[in-house]
Amino acid sequence: MNLPLTWVVGAGGLLGRHVVERLGGRGVLFEGPRVPWSEPEPAQAVLADAAARLVAEASERAGGRWQVVWCAGAGVTGATKESLDDELAALAAALGGLPDQGRGGAFFLSSSAGGVYAGVGNPPYSEESPVKPLAAYGFAKLEAERMVADWARRTATPALIGRIANLYGPGQNLAKAQGLVSQLCAAFLQRRPSHIWSSLDTLRDYLYVTDCADLVLDGLDRLRAEASGGGLVVTKILASGQALTIGSVLGDLRLVFKKRPPIVLGASPASGLQARDLSMRSVVWPELDARPSTPFAVGVQRTLNDLQRRLLEASG
């Protein structure tokens, strides 16, 4: 059987680069063009053209089988509506470049569990929980989910929407105002205190990025097996299933660092846009979650090692 030609949009980001690394025998990588994300209109044109080229090349190289893994998006909880609108327009352009009848295709959308469940107030959250965003970021994620679901049903192309918990691991972009584990590791290596803007009893589900990449690819395989050529849309939470308080995270980091990480507690306007408890449990395709996962301390050590290497390279 021909392996699907796989376009990872956002291949330079935290999740995207690990999906590329883990693709292995589950797909053939489509060498997509560089997308000028800082220029919205040119970016949309590049994405639409690349989508059409993906399908054309799949006909020649992969028996017409193709899939898009959408991991793009620089938005965070405090992102502006304008930047989020640009991201939605980019997604719409890519979808518009794909065929009206998506025979042989499949689509994965990276969404945010924390963003869409932030205001519900009844953890732990599953796919059966209602959604209630508190910030523009969460509303944008729901709009992206709606766009993909509508497109999938209209074109009879199966789609998997992954509501992802707090990702961490090697490759986190430290310029983004997110990634507690990476920010704490970077502060430790740079011998400076870390600022924590949330209560130490704040609960989050931390998912190691390689575990998430495997779930994405396994989910696409399962989607293809169940879709039977129709526009099946599946929404699944991608999480470790184990929530940790920030206090517990600091305790684990102390064991890895062999010393207490220096922190400064404070308050931020964005804190009111985040829930205290974002515990997760998936009830959709739970057999995909029945696998060994990366222990938190191991993931922290790998993240620390990666950051140490990157900082050494940056210093020359």
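Reading the values: the criteria
Think of each chain on its own: its residues are numbered from 1, step by step along the sequence as written. Residue-level local features of this predicted model are given only where pLDDT is at least 70; pairs of side-chain atoms are given and counted only at 80 or more, and the full residue set underlies all totals for whole chains, interfaces and linings. Where side-chain values are given, they derive from all heavy atoms of the structure, hydrogens and water being excluded. Only DSSP runs of H or I with at least four residues qualify as helices, and only runs of E with at least two residues qualify as strands; both kinds are numbered from the N terminus onward. Throughout, radius of gyration means the C-alpha value; the globule benchmark is 2.2 Å times the number of residues raised to the power 0.38. Two residues qualify as a contact provided that any one of their heavy atoms is within 4.5 Å of a heavy atom in the partner residue. Methods summary: accessible areas were calculated by the Shrake-Rupley approach with a probe of 1.4 Å, and residue burial reflects only the protein chains presented. Positive charges are assigned to Lys and Arg, negative charges to Asp and Glu, while His and the chain termini are left out of the count. Just so you know, the charge point we use is NZ for Lys, CZ for Arg, CG for Asp and CD for Glu. At least two bridges found by DSSP between two strands is the condition for calling them paired. Convention adopted: a line fitted to C-alpha atoms gives each axis, helices being fitted over their contacting stretch, and angles between N-to-C directions are expressed from 0 to 180 degrees. Using a 1.4 Å probe on the protein chains alone, a residue whose accessible area is under 20% of its type maximum counts as buried, one over 50% counts as exposed, and one in between counts as partly exposed. Just so you know how the angles are binned, under 35 degrees is roughly parallel, over 145 roughly antiparallel, 65 to 115 roughly perpendicular, and the rest oblique. It is the rotation of the near helix from the far one that decides the hand of a crossing: anticlockwise by less than a right angle makes it left-handed, clockwise makes it right-handed. Note on residue categories: nonpolar means Ala, Val, Leu, Ile, Met, Phe, Trp, Tyr, Cys or Pro, charged means Asp, Glu, Lys or Arg, and polar means any other residue, Gly included. In plain terms, two cysteine sulfur atoms within 2.5 Å form what is called a disulfide here. Aromatic rings from Phe, Tyr and Trp, taking only the six-membered ring of Trp, are treated as a pair when their centres fall within 6.5 Å; an angle between ring planes under 30 degrees marks them as stacked, one over 60 as edge-to-face, and anything in between as tilted.

Undergrad: How would you explain the overall build of the chain if you had to name every residue and give the values?
TA: Of regular secondary structure, the chain possesses nine helices and eleven strands. In terms of overall size, the chain behaves like a compact globule, its C-alpha atoms giving a radius of gyration of 19 Å where 316 residues would be expected to give roughly 20 Å. With the C-alpha coordinates aligned to their principal axes, the bounding extent of the chain is approximately 55 × 50 × 40 Å. Contacts spanning at least 24 positions in sequence make up 80% of the contacts within the chain whose residues lie at least 6 apart. For the chain, the exposed area adds up to about 14300 Å²; of that, 52% sits on carbon and sulfur atoms. Side-chain charges of the chain comprise 32 positive and 30 negative groups, with the mean position of each set lying 6 Å from the other.

Undergrad: Tell me about the sheet that holds strand S6 (residues 166–168), and please be specific about residues and values.
TA: Pairing in this open sheet of three strands is mixed, and the strands run S6-S8-S10 from one edge to the other. The sheet terminates laterally at S6 and strand S10 (243–245), the two strands that pair on one side only. Adjacent strand axes in the sheet meet at a mean angle of 50° when their direction is disregarded. Taken together, the three bridges between strand S8 (residues 203–208) and S10 define a ladder with antiparallel strand orientation. For Arg 204, the partnering residue across the bridge sits in S10 and is Leu 244.

Undergrad: Go over unusual backbone geometry, please, and point to the residues and values.
TA: Residue Pro 124 follows Pro 123 across a cis peptide bond; omega there is 0°. Notably, Ala 156 is not glycine yet its phi reads approximately 55°, a positive angle. Examined against the element boundaries, Ala 156 turns out to sit in the loop between helix H5 (136–155) and strand S5 (159–164). The phi dihedral of Trp 285 is positive, around 45°, even though this residue is not glycine. Mapped onto the fold, Trp 285 is located in the loop between strand S11 (263–265) and helix H9 (296–314). Classification of Trp 285 as buried rests on a relative accessible area of 9%.

Undergrad: If you had to explain the environment of Leu 278 to someone new, which residues and values would you point to?
TA: Mapping Leu 278 onto the fold places it in the loop between S11 and H9. Residues Leu 278 and Val 148 lie 130 residues apart in sequence; the distance between their C-alpha atoms is 25 Å. Residues within four places of Leu 278 in sequence aside, it is in contact with Gly 114, Tyr 117, Ala 118, Tyr 125, Leu 203, Arg 204 and Asp 205.

Undergrad: Break down the packing of helix H8 (residues 246–257) against H9 for me, citing the residues and quoting the values.
TA: At a minimum axis separation of 10 Å, H8 and H9 run at an interaxial angle of 60°. Here H8 lies oblique to H9, going by the angle between them. As H8 packs across H9, the resulting crossing turns out to be right-handed. Within the contact between the two elements, H8 uses Val 249, Asp 252, Leu 253, Val 256 and Phe 257 and H9 uses Phe 296, Ala 297, Val 300, Gln 301 and Leu 304.

Undergrad: An account of the sheet that holds strand S3 (residues 66–70) is requested, with residue identities and associated values reported.
TA: Whenever strands of a sheet pair, they do so through backbone hydrogen bonds, lying parallel or antiparallel. Ordered by their spatial adjacency, six strands build an open sheet running S2-S1-S3-S4-S5-S9, and the pairing between neighbours is parallel. Each edge of the open sheet carries a strand with a single partner, namely strand S2 (28–29) and strand S9 (233–238). Both strand S1 (residues 5–9) and S3 contribute to a ladder of five bridges, which runs parallel. Bridging from a neighbouring strand, Leu 5 pairs with Trp 66 of S3. On the sheet, helix H2 (residues 40–61) packs against S1, S2 and S3 and is oriented at approximately 160° with respect to S1. Against the sheet, helix H7 (residues 209–227) makes contact with S3, strand S4 (107–112), S5 and S9, and its axis sits at roughly 155° relative to S5, the strand it touches most.

Undergrad: For the packing of helix H3 (residues 81–97) against H5, give the residues involved together with the corresponding values.
TA: Across the interface, H3 lies against H5 with an axial gap of 10 Å and an inter-helix angle of 10°. It follows that H3 is roughly parallel to H5 by the angle criterion. In contact with Leu 84, Leu 88, Leu 91, Ala 92 and Leu 95 of H3, H5 contributes Ala 136, Tyr 137, Ala 140, Glu 143, Ala 144, Met 147, Val 148 and Trp 151. Split by residue class, the contact of H3 with H5 holds twelve nonpolar, no polar and one charged.

Undergrad: Could you give an account of the state of the cysteines, with specific residues and numbers?
TA: Following the criterion strictly, the structure yields zero disulfides and no others. Note on Cys 212: no disulfide assigned, nearest cysteine sulfur contributed by Cys 71 at a separation of 8.0 Å.

Undergrad: If you had to explain the packing of aromatic side chains to someone new, which residues and values would you point to?
TA: This structure, assessed with the given rule, holds eight aromatic pairs. An angle of 50° between the planes, with centres 5.7 Å apart, marks the rings of Tyr 206 and Phe 296 as tilted. Highlighted residues: Tyr 206 in strand S8 and Phe 296 in helix H9, separated in sequence by 90 residues. No difference in accessibility class separates Tyr 206 from Phe 296, as the two residues are buried.

Read these as geometric descriptors, not functional statements.
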